[in-house]
Structures are given as C-alpha cells and as structure tokens.
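# Inside the fold
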Amino acid sequence: MNWYLTLILIHFIGLVMGFAVSISSIVMAALLARSEPEHRPTLARFMPMMSKVGHVGLALLWISGLVLVFVYYGGFKDMPWEFYTKIAATVLLTIVVSYMAVLEAKIRRGDVLAAALMPAFGKAATLFGLTALIFAVNAFN
Ligand code: HEM
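Here we summarise the structure given alongside this text. None of these values were measured; they are calculated from a predicted model. (Residues numbered from 1 in each chain as written. Predicted model: local features only at pLDDT ≥ 70, side-chain atom pairs only at ≥ 80, totals over all residues. Heavy atoms only, no water.)

Turning next to helix 1 (residues 3-34). Residues that lie three or four places apart on an α-helix share one face, since the helix turns once every 3.6 residues. Between its terminal C-alpha atoms helix 1 stretches 47 Å, which fits the 46 Å expected from 32 residues at 1.5 Å a residue. Of all the residues in helix 1, the buried ones are Leu7, His11, Gly14, Phe19, Val21, Ser22, Ser24 and Met28. Tucked inside the fold, the buried residues of helix 1 contact helix 2 (40-43), helix 3 (46-72), helix 4 (81-108) and helix 5 (112-139). Two or three places before tyrosine 4, at the opening of helix 1, asparagine 2 has a side-chain oxygen 3.1 Å from that residue's backbone nitrogen. (Helix = DSSP H or I, 4+ residues; strand = E, 2+ residues; numbered from the N terminus. Expected span 1.5 Å × (residues − 1). Buried < 20%, exposed > 50% of the residue type's maximum accessible area, 1.4 Å probe, protein only. Contact = heavy atoms within 4.5 Å. Polar contact = N/O pair within 3.5 Å; in protein donor to acceptor, adjacent residues only side chain to side chain.)

If you want it as structure tokens, here you go:
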C-alpha cells in the first residue's frame, strides 16, 4: 500500500468536495433567483446539505495535510513561504466555514439578517479556498 499516494488522493478528494460547495452555491443562488416562490423552500434545503459535504472535505484536507507535513516533510519548519501563505488561507477558510455553520443554525430559526450575511461569507470562503489552491501549487512546484 503506497500511503503517500493514498494521502495525496485523500487530499485531492477533500479539495474537490470543498470546491463543490463553492460552485454549487453560485449555481443555486442563480436558480433560486429564477425559481417560482412555491419551489424555493425545497431548493433552499440543498445548500445546508452541501455545506456538510464541505465540512467533510475541509476535515480531509486538514487530516491528510497534517499527516503529509509531519510524516513526509518533518513538520512545518523549513517549508517554502508559499506553503505558509496556503496554511494562513486555510485557517481563514476554516474560521469562515465554522461561522457559516453558526449562520445556518440562525437561518433555520428564521433569522433574516443571517440569511442576508450568508452570500458574503460564501464568497469569502471561495476566495480563501482559491488562495490556498494557488499557493499550494506554487509551494510544491
Ligand atoms: C483549502 C485547503 C487546501 C488546498 C486547496 C490544498 C491543495 C493542495 C494541492 C493542490 C496540493 C498539490 C500541490 C502540487 O503538488 O502541485 C497540495 C499538496 C500538499 N498539501 Fe494541501 N491543500 C490544502 C490544505 C492543506 C493543509 C491544511 C495542509 C497541512 C496542514 C496541507 C498540506 C499539503 C502538503 C504537505 C502537500 C504536499 C504533498 C506532496 O508531497 O506533493 N494542505 N495541497
């Protein structure tokens, strides 16, 4: 069993699950804007389900990433600056995604301000995810 390649595979599966949430939130926002009012309650149930996919994806990135760093790179010391930028973006992404879970709970309780804030946090999460991706590729090539 090639554990290194297995970890890279898990890392990329986490990456794909994370970006699936960003892309589906953009598509769902456009669909909701064009949909009949009677269809919106059902459509509005999609993104809270997708955000759970994102949580699993981010967890896979952190777990596979930490194992890769400590087992194959001897820890965080002596990594290229691009890698530290990537990790900073991932920490900010994790904070934003955690707060979005709080907003989701408020939205379920009918909080309209939380619903108004959600798109901006969704965009921030996509921005931090993209930043992590760009610096990940620059860090290791
Ligand atoms: C949103 C968050 C993340 C994204 C988008 C991401 C993306 C990537 C990508 C695309 C690569 C392959 C780079 C290449 O070889 O061209 C990679 C490799 C790597 N990532 Fe991440 N990653 C994320 C989070 C993390 C975290 C949190 C850690 C560590 C705590 C981590 C540690 C690593 C390591 C050590 C490699 C090198 C693997 C190798 O030997 O090729 N990543 N990551």
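By size, the foremost hydrophobic cluster in this structure holds nine residues: Leu58, Leu93, Val96, Val97, Met100, Leu103, Ala114, Met118 and Ala125. Elements with a contribution of two residues or more to this core: helix 4 and helix 5. With five residues, the top contributor of residues to this core is helix 4. Excluding anything up to four places from it in sequence, valine 97 contacts His55, Leu58 and Ala125. If you look at the next biggest cluster of nonpolar residues, it comprises five residues, including Val69, Met79, Phe83 and Ile87. (Core = buried A, V, L, I, M, F, W, Y, C linked by side-chain atoms within 4.5 Å.)

Bringing the packing of helix 4 against helix 5 into the picture now. Where helix 4 contacts helix 5, the axes come no closer than 8 Å and their chain directions differ by 160 degrees. Here helix 4 lies roughly antiparallel to helix 5, going by the angle between them. By crossing handedness, the relation of helix 4 to helix 5 is classed as left-handed. Counted by class, the contact of helix 4 with helix 5 contains 23 nonpolar, six polar and four charged residues. (Axes fitted to C-alpha atoms, helices over the stretch in contact; angles between N-to-C directions. Parallel < 35°, antiparallel > 145°, perpendicular 65-115°, else oblique. Left-handed = near helix turned anticlockwise from the far one by under 90°. Nonpolar A, V, L, I, M, F, W, Y, C, P; charged D, E, K, R; others polar.)

For the rest of this paragraph, the subject is a nonpolar patch on the surface. Taken together, the side chains of Met1, Trp3, Tyr4, Leu5, Ile63, Leu66, Val67, Phe70, Val71, Tyr72, Tyr73 and Phe140 define a hydrophobic patch exposed on the protein surface, amounting to about 1200 Å² of accessible area. In terms of residues, the nonpolar patch owes the most to one element, helix 3, which gives six residues. Of note, leucine 66 is situated in helix 3. With relative accessibility at 34%, the residue leucine 66 sits in the partly exposed group. (Patch = residues over 30% accessible without salt bridge, like charges linked within 9 Å, V, L, I, M, F, W, Y side chains within 5 Å. Areas by Shrake-Rupley, 256 points an atom, 1.4 Å probe, with all protein chains shown as cover. Salt bridge = Lys/Arg side-chain N within 4 Å of Asp/Glu carboxyl O.)

For the structure shown, the criterion picks out eight aromatic pairs. Between tyrosine 99 and phenylalanine 121, the ring centres sit 5.1 Å apart and the planes meet at 50 degrees, which makes this aromatic pair tilted. Residue tyrosine 99 is located in helix 4, and its partner phenylalanine 121 is located in helix 5; the two are separated by 22 residues in the primary sequence. On the accessibility criterion, tyrosine 99 (34% relative accessible area) is partly exposed. Members of the aromatic cluster, each reached through a chain of ring pairs, are Phe70, Tyr73, Phe76, Phe83, Tyr84 and Phe140. (Phe/Tyr/Trp six-rings, centres within 6.5 Å; stacked < 30°, edge-to-face > 60°.)

All we've got here are geometric facts, nothing functional implied.
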